[in-house]
Amino acid sequence: MATIGVCISLADLSPVFRRDMVSVSKKLKRNPILKAFAVSTEQPSTAATARATRRFLEKKSSSDEGAETIRRVDVEESESEEGKRKSLKDYFDEAKEMIRSDGGQPRWFSPLECGSHSPDAPLLLYLPGLDGVGLGLTMHHQRLAKIFNVCCLHIPVKDRTSFTGLVKLIEKKVRSENSHLAKRPIYLVAESLGACLALAVAARNPDIDLVLILANPATSFSKSVLQQTMSLLGIMPDQVTSLSCMLSLMTGDPLKMVMDNVVKGLSLRPTVEEISQNLVTLSSYLPVLADILPKETLLWKLELLKSASAYTNARLHAVKGQTLILCSGKDRLLPSQEEGQRLCRALPKCQTRMFGNCGHFLFMEDGVDLVTIIKGASFYRRGNNLDYVSDFVPPSTPEFTKIHKDSRWMSDVTSPVMLSTSENGKIVRGLSGIPSEGPVLFVGYHMLLGLELISMIPQFMLERNILVRGIAHPMMFYQLMREGVSIDVGNYDVIRLMGAVPVSATNFYRLMSSKSHVLLYPGGVREALHRKGEEYKLFWPEQSEFVRMAARFGAKIIPFGAVGEDDIAELVLDYNDLVKIPYIQSFYEKLTDENVTLRTDASGEVANQQLGMPLVLPKVPGRFYYYFGKPIETEGRQHELRDRKKSHELYLQVKSEVEKCLAYLKEKREHDPYRELLPRLIYQTTHGFASEVPTFEF
């Protein structure tokens, strides 16, 4: 069972990974409406793909002691994928074409870049916000098309369909799709007004499996600036009314869109000419904004928001669907962060994610990636229930690049030494001794706060292109608490994005059957949150937990140890110290009681599963050391290891090997001339900071 502690170490990593936005100054080909969309009033049922992410590491064999030289190709692929991502300029171009001959009733359309790829992909319906165009996901179409069938609602500028009329139109579409896709969820992705529509449809159809992804819901309209200024807007000039409203909606900061495009697309130090050019580009689209929301349409939409908010708030109790609320911190029109917290308390299956520097149109902000958000929150599924193995979509090249970039500071300051053991028993530096084919089960010691994971998991991807999937504590996945103690599960999005699963026999079975490389910590939370003087001490259950499952699939068991926690941090106050403080004691008790309790039938210290974060102080960083022992074969031993005595003997053997790995590293690091930070810095200064720092003889 993997730790909760590593998530605290990774708490500074954003749950959403930034992507560059194509510069608006770059000359792009316009997409005529007939080429950009397939439009219909009744969209036929289709499905999209969940094809596997491209492999982004290319291995090149080397004759030097059988080692492998790894050539990174992710930069080229990352740039290629980024080049496909549309920009705000594309939104304006396509919106201009779409509203040019606008008329008729609200209708559904599917962007051609969101064509169907896989028959088992779920349907995603996009419900627009105040603009009504239906192009709010323009920047996300390319990535969404890989795992969804995308269909968008367009509300013509001059349409005056009532809120209940729009609800019935969406409801008809949902019921039609559900009639022949009953075993799959239907995703409703919406913002502002569209979020009210999604909640209303969900309230009216509690028996349909709906997944709601809502950005800045307008359910808080009664508390908004617009509610207070509706009468004033009625007497303002037409152009001022529409343009000021739209520009406020577009961004969280003044000129943020312009500056983002300059910095990302032109240079790190924009010149006056470059800024002026972008301002001119932006000004050329002001007439489009005026056409999207003329004064009479804007006033109608505000009345629509008023009725939508009242209708939806009166029916929140009937919403049963899984919901993810995305809240902007700089939404100038709605109190979105406060509203997100209110909805999270009101809805039974709700989580929130905060975006502090974003404005009202969250999906048009630079760096917001909807697919990454959905994957990181574990909201992507193809069936009625989430399968953490079959529904898992591996991290894309840009996603992993961002994770590695944000976590490599640990490798930079600790210069980790990773040793593995080849089949002949020889210890080699690097991970060449790790089997390429699964199933493989890594079983080892959990450092304080799970610090070893920060460097270890990315290194497997970089060096061997192996995605190690951890078995983790359930609190990383389920937001169970409504009162008292609250945990932001968004802190764990990075770990879920990298394939972690909640600990259970079912998930363990599925990982083994899929021939994955699986990471298991029998000591779990008790080791990761250990007390003073307990470093490098194993807290394993008395009964074997994993041997027979591994043997059932012929998995190779690799015992490993990791040391270095005492060289990077000092444990000042542990759980026993902190519970002596009354407030902290009650806090930890609530935290433990209101979460999933594991190993209730176990005895000994491993059953001591209190969730309490210790107080640590950083040290001048030393060095991390990892030692992966010789793989233990279980293939062909399934019948033998059904015997409890035999399986327990192997369990004790694995535990003994882990202890030997720890003892080996603790002894060997005493002879490492580069254990301290200063010698490593001197070496890298003279040999280059990308050079591998030597270590002890082995």
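Per chain, the residues get numbers from 1 upward, laid out in the order the sequence is written. Predicted model: local features are reported for residues with pLDDT of at least 70 only, side-chain atom pairs are reported and counted for 80 or more only, and whole-chain, interface and lining totals are derived from all residues. To get the side-chain values, all heavy atoms of the structure are used, and hydrogens and water are removed first.

Visitor: Looking at this model, I keep getting lost on the overall build of the chain. Mind explaining?
Guide: Numbered from the N terminus, helices here are DSSP runs of H or I no shorter than four residues, and strands are runs of E no shorter than two. Along its length, the chain carries 25 helices and 20 strands. The contact rule is simple, with two residues in contact once any of their heavy atoms fall within 4.5 Å. Taking all contacts inside the chain whose residues are at least 6 apart in sequence as the whole, residues at least 24 apart take part in 84%. Each accessible area is a Shrake-Rupley result for a 1.4 Å probe, and residues are judged covered by the shown protein chains and nothing else. Of the roughly 28,700 Å² of accessible surface on the chain, a fraction of 53% belongs to carbon and sulfur atoms.

Visitor: Got a minute to help me understand the packing of aromatic side chains in this structure?
Guide: Two numbers describe a pair of aromatic rings. These are the distance of the centres and the angle of the planes. Only Phe, Tyr and Trp rings take part, Trp by its six-membered ring, and two of them pair if their centres are within 6.5 Å. Stacked means planes under 30 degrees apart, edge-to-face means over 60, and tilted covers everything else. If you walk through the whole model with that rule in mind, you get 21 aromatic pairs. Their ring planes at 50° and their centres at 5.7 Å tell us that W540 and Y651 sit as a pair that is tilted. Of this pair, W540 sits in the loop between α20 (524-528) and α21 (547-552) while Y651 sits in helix α24 (residues 644-668), and the two are 111 residues apart along the sequence. Across the pair, Y651 and W540 agree in class, each one buried. One aromatic cluster is present, formed by F442, F460, Y521, F560 and F628 through successive ring pairs. Cation over ring: R469 sits above F392, and NZ or CZ is 4.0 Å from the ring centre. Burial status follows relative accessibility: with a 1.4 Å probe on protein chains alone, a residue under 20% of its type maximum counts as buried, one over 50% as exposed, and anything between as partly exposed. Note on geometry: a ring has a charge over it if NZ (lysine) or CZ (arginine) is within 6 Å of the ring centre and within 35 degrees of the ring normal.

Visitor: I keep staring at the pairing of strand β13 (residues 440-444) and nothing clicks. Help me out?
Guide: Within a regular beta strand, the side chains point alternately toward one face of the sheet and then the other, so they alternate between its two faces. By the criterion of burial, β13 is predominantly enclosed, with 5 of the 5 residues buried. Across the two faces of β13 the burial is the same, with V440, F442 and G444 and L441 and V443 all buried. Strands were regarded as paired on the criterion that DSSP finds at least two bridges between them. The pairing of β13 with strand β17 (residues 556-563) spans 5 bridges and is classified as parallel. Paired with G444 across the bridge in β17 is F560.

Visitor: Would you mind going over the state of the cysteines with me for this structure?
Guide: Two cysteines joined by a covalent bond between their sulfur atoms form a disulfide. In this description, the term disulfide denotes a pair of cysteine sulfurs within 2.5 Å. On inspection of all chains with the given rule, the structure shows 0 disulfides. Of all cysteine sulfurs, the one in C344 lies closest to C350, which takes part in no disulfide; the gap is 4.4 Å.

Visitor: What is the right way to read unusual backbone geometry from this model?
Guide: Excluding glycine, most residues fall at negative phi; most peptide bonds, likewise, are trans. Of note, the bond from G438 into P439 is cis; its omega dihedral lies within 30 degrees of zero at 5°. Even without a glycine there, the phi angle at S415 is positive, about 40°. Relative to the helices and strands, S415 is located in the loop between α16 (397-414) and β11 (417-421). Although it is not a glycine, Y536 sits at a positive phi angle of roughly 65°. Looking at the secondary structure, you find Y536 in the loop between α20 and α21. Judged by its relative accessible area of 11%, Y536 is buried.

Visitor: Sorry if this is basic, but what is going on with helix α19 (residues 505-513) here?
Guide: For an α-helix, 3.6 residues make a turn, and residues three or four places apart therefore share a direction. All of the buried residues in α19 are N507, F508, L511 and M512. Each buried residue of α19 sits inside an arc of 135° when the element is viewed along its axis, so together they form one side. Here the buried face of α19 lies against β13, β14 (468-472), β15 (501-502), β16 (517-520) and α21. Looking one or two places after α19, you find K515, whose phi comes out positive at around 60°. Picture the helix axis, draw a direction to every C-beta atom, and the arc is the one those directions span.

Visitor: Is there a simple way to think about the nonpolar core in this case?
Guide: Nonpolar side chains in soluble globular proteins generally cluster together in the buried interior. The biggest cluster of nonpolar side chains holds 98 residues, and the ones touching the most others in it are F163, I213 and L326. Ranked by the residues each element gives to this core, the list is headed by helix α7 (residues 193-204), at 10 residues. Not counting residues within four places of it along the chain, the set of residues in contact with L326 comprises I213, L214, A215, N216, R353, F355, L362, F363, L370 and I373. Throughout this description, the term nonpolar core refers to a set of buried Ala, Val, Leu, Ile, Met, Phe, Trp, Tyr and Cys residues connected via side-chain atoms within 4.5 Å. V389, M475, F560 and L650 belong to the second-largest nonpolar core, a separate cluster that totals 85 residues.

Visitor: Explain the sheet that holds β15 to me, please; I cannot follow it from the model alone.
Guide: Remark on secondary structure: sheet strands pair via backbone hydrogen bonds, oriented parallel or antiparallel. The mixed open sheet is built from 8 strands, whose spatial order is β12-β11-β20-β17-β13-β16-β14-β15. Where the open sheet ends on each side, the last strands, each with one partner, are β12 (427-429) and β15. For β17 and strand β20 (residues 625-628), the ladder comprises 4 bridges, and the chain directions are antiparallel. Each bridged residue has a counterpart across the sheet, and for A562 the counterpart in β20 is Y626. Only the stretch in contact is used when fitting a helix axis, every axis being a line fitted to C-alpha atoms; angles between N-to-C directions are given from 0 to 180 degrees. Sheet strands in contact with α24 are β11, β12, β13, β17 and β20, and its direction is about 35° off that of β17.

Visitor: Would you mind going over the pattern of salt bridges with me for this structure?
Guide: Close approach of charged atoms allows side chains with opposite charge to pair. Salt bridges are defined by distance alone: a side-chain nitrogen of Lys or Arg within 4 Å of a carboxyl oxygen of Asp or Glu. As enumerated under the stated definition, the model contains 27 salt bridges in all. Here D493 makes a salt bridge to R496, at a shortest N to O gap of 2.1 Å. Of the two residues, D493 and R496 are both situated in helix α18 (residues 493-497); the distance of 3 residues between them amounts to about one turn of the helix.

Visitor: I keep staring at the packing of α7 against helix α13 (residues 295-313) and nothing clicks. Help me out?
Guide: Running from N to C, α7 and α13 cross one another at 35°; their axes reach a closest spacing of 9 Å. Relative to α13, α7 is oriented so that their crossing is left-handed. The residues of α13 that touch α7, namely those facing L193, C196, L199, A200 and R204, are K301, L304, L305, A308, S309, Y311 and T312. In this classification, the charged set is Asp, Glu, Lys and Arg, the nonpolar set is Ala, Val, Leu, Ile, Met, Phe, Trp, Tyr, Cys and Pro, and all remaining amino acids, among them Gly, are polar. Of the residues that constitute the contact of α7 with α13, the class distribution is 8 nonpolar, 2 polar and 2 charged. By convention, the crossing between two helices is left-handed when the near helix turns anticlockwise from the far helix through less than a right angle, and right-handed when the turn is clockwise.

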